[in-house]
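Structural overview for review
Here is what each chain is made of, one letter per residue.
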Amino acid sequence: MPLRWTPGPRTRRTALYGAIALIGVLGAALGLVLGGRIQTPVGPANVSLTTTLSLNGGTVVDVPPLGSLRLDSHYGPFRLNAQIVRLRPETSQNLLNDPEAVQNLTDTIGAQVRHGILWLAVRGFLAGLASAFLLALLLLRSWRRALIATAAGFTAMTTMMALAALTFRPSSVAEPRYTGLLANAPQLVGDARTVVNRFEEYRAMLAKLVGNVSQLYTATSTLPVYTPDPDTIRVLHVSDIHLSPVAWDVIRTISTQFKANLIIDSGDLTDHGSRPEDRFANEISTFSVPYVYVRGNHDSTGTQSAVSKIKNAVVLDGQTKTVDGLKIYGVGDPRFTPDKTTADDDFTDASLYNEGQAQAQPLKQTPPDLVVVHDPNQGRAFDGITPLILTGHTHDRKTTLLPSGSRLFTQGSTGGAGLRGLEHDTPTPIQLSLLYFTRATHTLKAWDDFTVGGLGLSSVQVERHLSPPVTLTQPPTLPSPSLP
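Since this is a predicted model, take the numbers as computed values, not measurements. (Residues numbered from 1 in each chain as written. Predicted model: local features only at pLDDT ≥ 70, side-chain atom pairs only at ≥ 80, totals over all residues. Heavy atoms only, no water.)

Quick look at the overall build of the protein chain now. Check the secondary structure of the protein chain and you find ten helices and 19 strands. Each of the 484 residues in the protein chain was classed as buried or not, and the buried ones make up 50%. For the protein chain, contacts bridging at least 24 residues in sequence account for 63% of all contacts bridging at least 6. Surface accessibility of the protein chain: about 23100 Å² in total, with carbon and sulfur atoms responsible for 59%. (Helix = DSSP H or I, 4+ residues; strand = E, 2+ residues; numbered from the N terminus. Buried < 20%, exposed > 50% of the residue type's maximum accessible area, 1.4 Å probe, protein only. Contact = heavy atoms within 4.5 Å. Areas by Shrake-Rupley, 256 points an atom, 1.4 Å probe, with all protein chains shown as cover.)

Rendered as structure tokens:
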């Protein structure tokens, strides 16, 4: 007869208590995750603190929609998450108006952070004990065994918190890892690598972090346009990339973080319009939204042809096309002047305006929602035809209200002027803008101007502009005016 192993009483007892302990630990973990969440004031912000299970521990600070930073603050099976929920307007304004107010934060921010984390720990601990007890009582139907499970959960949570406390590293703020738009602005924490393992210095650095992030966050939180909103069309306007690979990273970051519906490029994607440069345009295919493009004076017709072969690209050269609900008219630059040896350099500002006037006349019957051309002088001719004219070319961002009511929006160089950006004492900044249109009326509500420091710099600036209502008056056909 085959032998059968029958567990003895001690083995069965061990298995039973092991199962009870496992239920207690699982219940405690569930309670810690569900109950470990509070809101607490930190400087000028209300911050949501939560705990989640994690193999590596650490802390994640989310600043939606700008991105996040991660700190290796501790080890253990849970992670601390902090997210800015709301800024208190008066305190935030004081920070913007008084630079010394940031320094004053050091007197209070340490106590606020300690109080918030302590209250989070107490709340999570109590929720974990309650969850362990209730789960064990539900599964085991025994008060005695439920208390044993609760004790196991208590032991597990105490061990977790002790591990986090023993491995806590204040100097982790000197080694943050950034994601999103914040990846372009590590100076938000100042010279973080000077921080040593003393809490006073950690507290001062944390105060500077909160102050600077609050200023940046304030600039982008005044309109509710960053949550999914079916009534808003987000258009990212870029221009004058000039073969800069860095531009693609910035465009991708901002279009993703701010949920752009389409990208409009007002020209000068390349430097010389040569066939080898055509491969640079292939990066357009990596975007998940339509990419509307008009030819600049540094782009050849070959460049335009290469872009037109990309699946998500929409090339405009004398046509009006509807993209994500917006009627967009675009036309390429009449010149091809990659250097100073071509006959097209004979074009003057006035002749560019005349070219634009001839292109604008047919649009009077069916005006588009916006017009895209490369040169502002050509763009001025569309005044009164459309509420918004997007241009580039000058590498100097500027917005002008024209006499007949149209807004002429000239973008800076999204590529930092390419290699030309190194010709000046200060690198040319990377500039691009996000425009917000109402989906029902296709009117411009607001726009955000982004400025990222040029090569070797790491600053980032976000400016919010509100768009007043536009009333267009169709101008009569007149000879070209003298242009500035």
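A separate point is the pattern of salt bridges. Applying the stated rule across the entire model yields seven salt bridges. Of the charged contacts in the structure, one is a salt bridge between D333 and R335, with a shortest N-O distance of 2.9 Å. Each of the two residues, D333 as well as R335, counts as buried. Three or more residues are tied together by salt bridges with common partners; here these are D249, R252 and E283. (Salt bridge = Lys/Arg side-chain N within 4 Å of Asp/Glu carboxyl O.)

A separate point is the pairing of strand 8 (residues 262-265). Judged by which residues are buried, strand 8 turns out to be covered on both faces: L262 and I264 on one side and I263 and D265 on the other are all buried. Read from strand 7 (residues 232-238) through helix 7 (residues 245-257) to strand 8, the crossover connection turns out right-handed. For strand 8 and strand 9 (residues 291-293), the ladder comprises three bridges, and the chain directions are parallel. Across the sheet, D265 pairs through a bridge with Y293, a residue of strand 9. (Right-handed = clockwise from strand over helix to strand, strands pointing away. Pairing = 2+ DSSP bridges.)

This paragraph deals with the confidence of the model for the protein chain. Counting all residues, the mean pLDDT for the protein chain is 79, and 73% of those residues have values of 70 or more. Below a pLDDT of 50 lies the segment residues 421-425, which in the model reaches five contacts outside its immediate sequence neighbourhood of four places, other chains included. Contacts from residues 454-458, a stretch scored under 50 in pLDDT, to residues over four places away or in other chains number eleven contacts. (pLDDT = per-residue confidence, 0-100.)

All right, on to the pairing of strand 14 (residues 388-391) then. Side-chain direction in a regular strand flips from residue to residue, so the side chains alternate between the two faces of the sheet. Because side chains alternate across strand 14, one face comprises the buried residues L388 and L390, and the other comprises I389 and T391, equally buried. Both strand 13 (residues 370-372) and strand 14 contribute to a ladder of three bridges, which runs parallel. When the sheet's bridge partners are listed, V372 is paired in strand 14 with L390.

Strand order across the open sheet formed by six strands is 11-12-13-14-16-15, with mixed pairing between neighbours. Bordering the open sheet on either side are strand 11 (319-323) and strand 15 (398-401), each of which pairs with just one other strand. With strand direction ignored, the average angle separating the axes of adjacent strands in the sheet is 20°. With three bridges connecting them, strand 12 (residues 326-330) and strand 13 associate as parallel partners. (Axes fitted to C-alpha atoms, helices over the stretch in contact; angles between N-to-C directions.)

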